[in-house]
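# A look at the structure
The primary structure of each chain is shown beneath.
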Amino acid sequence: MIKKVPMRDGYGKALLELIEKNSRVIALDADVAKSTRTVWVRDKFPSNFIDVGIAEQDLAGTAAGLALGGMLPFTSTYGVFMAGRAWDQIRTTICYNRLNVKIAGAHAGISVGPDGATHQALEDVAIMRVLPHMTVVVPCDAEETRKATLAIAAVDGPCYIRFGREAVPVVTDESTPFELGKARVCREGDDVSIIANGAMLYEALEAAKILSADGIEATVINLHTVKPLDVETIVGSARRTGCVVTAEEHQIAGGMGSAVAECLSMNYPVPIEFVGVQDTFGESGQPQELMDAYGLNAATIVERAKKVLGRKKSA
């Protein structure tokens with residue numbers, strides 16, 4: 001049985017690794033330290049931890065001040081509040097000035113579950129990737145979240161990293177390559193390209209197995225870095241297969257799928273289908289029930305893959 005671990009565990013572990021090597025790293029939180037795993041920093045390195053309370057705009061502003069003072073701040077709270085409530089401060093104070101602030105959006109996606117629509121960040125990738133100078137990363141599991149957190153610490157400038165609350169299948173390990181801005185081809189096939197990130201990567205890999213049993217071989221790409229986008233890998237795979245499906249736990253509008261569509265429309269137009277939330281808010285429910293209810297699963301990816309293959313043949 002495949003192991004499941006919350007992605008936020010990887011974030012917490014990475015923060016501890018960073019602080020052990022660099023005392024300038026500061027973990028900031030908005031009164032949800034247990035949920036974001038920054039409680040691990042509070043307990044082990046209390047002088048490297050700041051809780052500003054439930055005040056996301058202050059969280060962004062305080063991080064900006066710390067960055068100007070030569071520190072390396074990581075802000076940590078729920079993605080829907082960090083990206084939404086503090087967007088003006090992120091835009092004007094952090095991004096406009098290219099400040100070295102790292103922004104973690106935890107509890108992202110519809111799989112937050114019972115907390116419902118107010119806590120389900122389904123728009124954060126769109127409003128973060130539109131900001132100049134911002135790097136946007138959506139890791140697929142706990143180990144990749146750890147690597148991504150370490151990687152953004154080495155980037156000089158604002159970065160947004162997004163991860164969910166629920167335990168998800170671990171599909172990478174310590175030896176799996178990770179490079180910001182470089183998508184990873186997890187599986188190769190000539191019929192259709194499936195481009196996914198976050199929790200949807202596991203679903204994409206499962207979909208590829210189902211398609212293979214039907215004689216359809218899919219390339220599966222982990223597009224963990226939404227910005228900067230790996231144009232070379234996306235276009236190369238589209239040239240090889242002639243059609244694309246994108247899968248993300250986010251609104252279809254403005255998200256990773258939109259970024260892929262923009263890339264292909266400019267470089268190599270092919271039929272494309274999208275798996276994601278379709279212009280609606282979420283609701284309360286158990287995480288897997290919600291993922292299935294909104295079509296964020298392998299079955300929907302298979303359906304879209306077969307649909308786009310039909311479009312390719314009729315083109």
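A few points on the structure. (Residues numbered from 1 in each chain as written. Predicted model: local features only at pLDDT ≥ 70, side-chain atom pairs only at ≥ 80, totals over all residues. Heavy atoms only, no water.)

### Notes on the nonpolar core
We apply this condition: Buried Ala, Val, Leu, Ile, Met, Phe, Trp, Tyr and Cys residues that are joined via side-chain atoms within 4.5 Å together make up what is termed a nonpolar core. Each residue gets one of three labels from its accessible area relative to the maximum for its type: buried under 20%, exposed over 50%, partly exposed in between, using a 1.4 Å probe on protein chains only. Comment: elements are numbered from the N terminus, with helices defined as DSSP H or I runs of at least four residues and strands as E runs of at least two. For this analysis, residues touch if any pair of their heavy atoms sits within 4.5 Å.
Judged by nonpolar contacts, the single largest core of 41 residues is most densely connected at Ile90, Met134, Val260 and Leu264. Going through the elements one at a time, β2 (25-29), α4 (56-68), α5 (79-85), α6 (87-95), α7 (124-129), α10 (231-241) and α11 (256-267) are the ones with two or more residues in this core. Among the elements that line this core, the one with the most residues is α4, at six residues. When near neighbours in sequence (up to four residues on either side) are disregarded, leucine 264 contacts Ile234, Val235, Ala238, Val244, Pro269, Val270 and Ile272. Leu122, Ala208, Leu211 and Cys243 belong to the second largest nonpolar core, which has 31 residues in total.

### Looking at the packing of aromatic side chains
Here is the rule we go by: In summary, the pairing rule links any two rings of Phe, Tyr or Trp, Trp by its six-membered ring, whose centres are within 6.5 Å, and it sorts them by plane angle into stacked for under 30 degrees, edge-to-face for over 60 and tilted for everything else.
Counted according to the given criterion, the structure contains two aromatic pairs. Taking the centre distance of 5.1 Å and the plane angle of 35 degrees together, the rings of tyrosine 11 and phenylalanine 163 count as tilted. Taken as a pair, tyrosine 11 in helix α1 (residues 7-21) and phenylalanine 163 in the loop between β7 (159-162) and β8 (167-169) lie far apart in primary sequence, 152 residues in all. Here the two residues tyrosine 11 and phenylalanine 163 agree in accessibility, since each one is buried. Arranged with centres 5.9 Å apart and planes meeting at 20 degrees, the rings of tyrosine 78 and phenylalanine 81 form a pair that is stacked. The class of phenylalanine 81 is buried, set by a relative accessible area of 13%.

### Some points on α6
Each turn of an α-helix holds 3.6 residues, which means side chains three or four residues apart point in the same direction. Note the following rule: In this description, one arc is meant: the one made by directions from the helix axis to the C-beta atoms.
Of the positions making up α6, those classed as buried are Gln89, Ile90, Ile94 and Cys95. One face of α6 carries all of its buried residues, which in axial projection span an arc of 145 degrees. Tucked inside the fold, the buried residues of α6 contact α4, α5, β5 (102-106) and α7.

### Brief notes about the pairing of β7
Which entries qualify depends on this criterion: Pairs of strands are assigned from DSSP output, requiring at least two bridges between the strands. Handedness of a crossover is defined as follows: with both strands directed away from the viewer, a clockwise route from the first strand across the helix to the second makes it right-handed.
Burial along β7 is two-sided: the face carrying Cys159 and Ile161 and the face carrying Tyr160 and Arg162 are both buried. Note: β5 against β7, four bridges, orientation parallel. Note that in β7 the partner of isoleucine 103 across the bridge is tyrosine 160. Here strand β6 (residues 135-137) runs beside β7; their pairing, made up of three bridges, is parallel. Bridge pairing in β7 links valine 136 to tyrosine 160. Viewed along the sheet, the connection from β6 through helix α8 (residues 142-153) into β7 turns out right-handed.

### Section: the packing of α1 against α8
Under the convention used in this document: Interaxial angles span 0 to 180 degrees and are taken between N-to-C directions of axes, which are lines fitted to C-alpha atoms, for helices over the stretch in contact. Note on angle classes: values under 35 degrees are labelled roughly parallel, values over 145 roughly antiparallel, values of 65 to 115 roughly perpendicular, and the remainder oblique. Crossing chirality is assigned from the near helix's rotation relative to the far helix, an anticlockwise turn below a right angle marking it left-handed and a clockwise turn marking it right-handed. Asp, Glu, Lys and Arg are counted as charged, while Ala, Val, Leu, Ile, Met, Phe, Trp, Tyr, Cys and Pro are counted as nonpolar; the rest, among them Gly, fall into the polar class.
Packing of α1 against α8 brings their axes to within 7 Å, and their N-to-C directions diverge by 40 degrees. Taken together, the axes of α1 and α8 lie oblique to each other. Taken as a pair, α1 and α8 cross one another with a handedness that is right-handed. Contacts between α1 and α8 involve Met7, Gly10, Tyr11, Lys13, Ala14, Leu15, Glu17 and Leu18 from the first element and Ala142, Thr145, Arg146, Thr149, Leu150 and Ala153 from the second. Within the contact of α1 with α8, the residues separate by chemical class into eight nonpolar, three polar and three charged.

### Describing unusual backbone geometry
Lysine 227 connects to proline 228 through a cis peptide bond whose omega is 0 degrees. Topologically, proline 228 is positioned in the loop between β12 (225-227) and α10. Positive phi outside glycine occurs at aspartate 31, with the angle close to 70 degrees. Along the chain, aspartate 31 turns up in the loop between β2 and α2 (33-36).

### Digging into the sheet that holds β7
Overall, mixed pairing links the seven strands, which are arranged β3-β2-β4-β5-β7-β6-β12 in an open sheet. Bordering the open sheet on either side are β3 (49-51) and β12, each of which pairs with just one other strand. Between one strand axis and the next, the sheet turns through 20 degrees on average, direction left out of account. Most of the contacts of α4 go to strand β4 (residues 72-78), to which it runs at about 170 degrees, and overall it touches β2, β3 and β4.

### Focus: the packing of α4 against α6
Two measures define how a pair of helices packs: the angle their axes make with one another and the distance between the axes. Look at α4 against α6: their axes get within 9 Å of each other, and the N-to-C directions meet at 10 degrees. Comparing their axes, α6 and α4 come out roughly parallel. Residues Gln57, Ala60 and Ala64 of α4 lie in contact with α6, whose contacting residues are Gln89, Ile90, Thr93 and Ile94.

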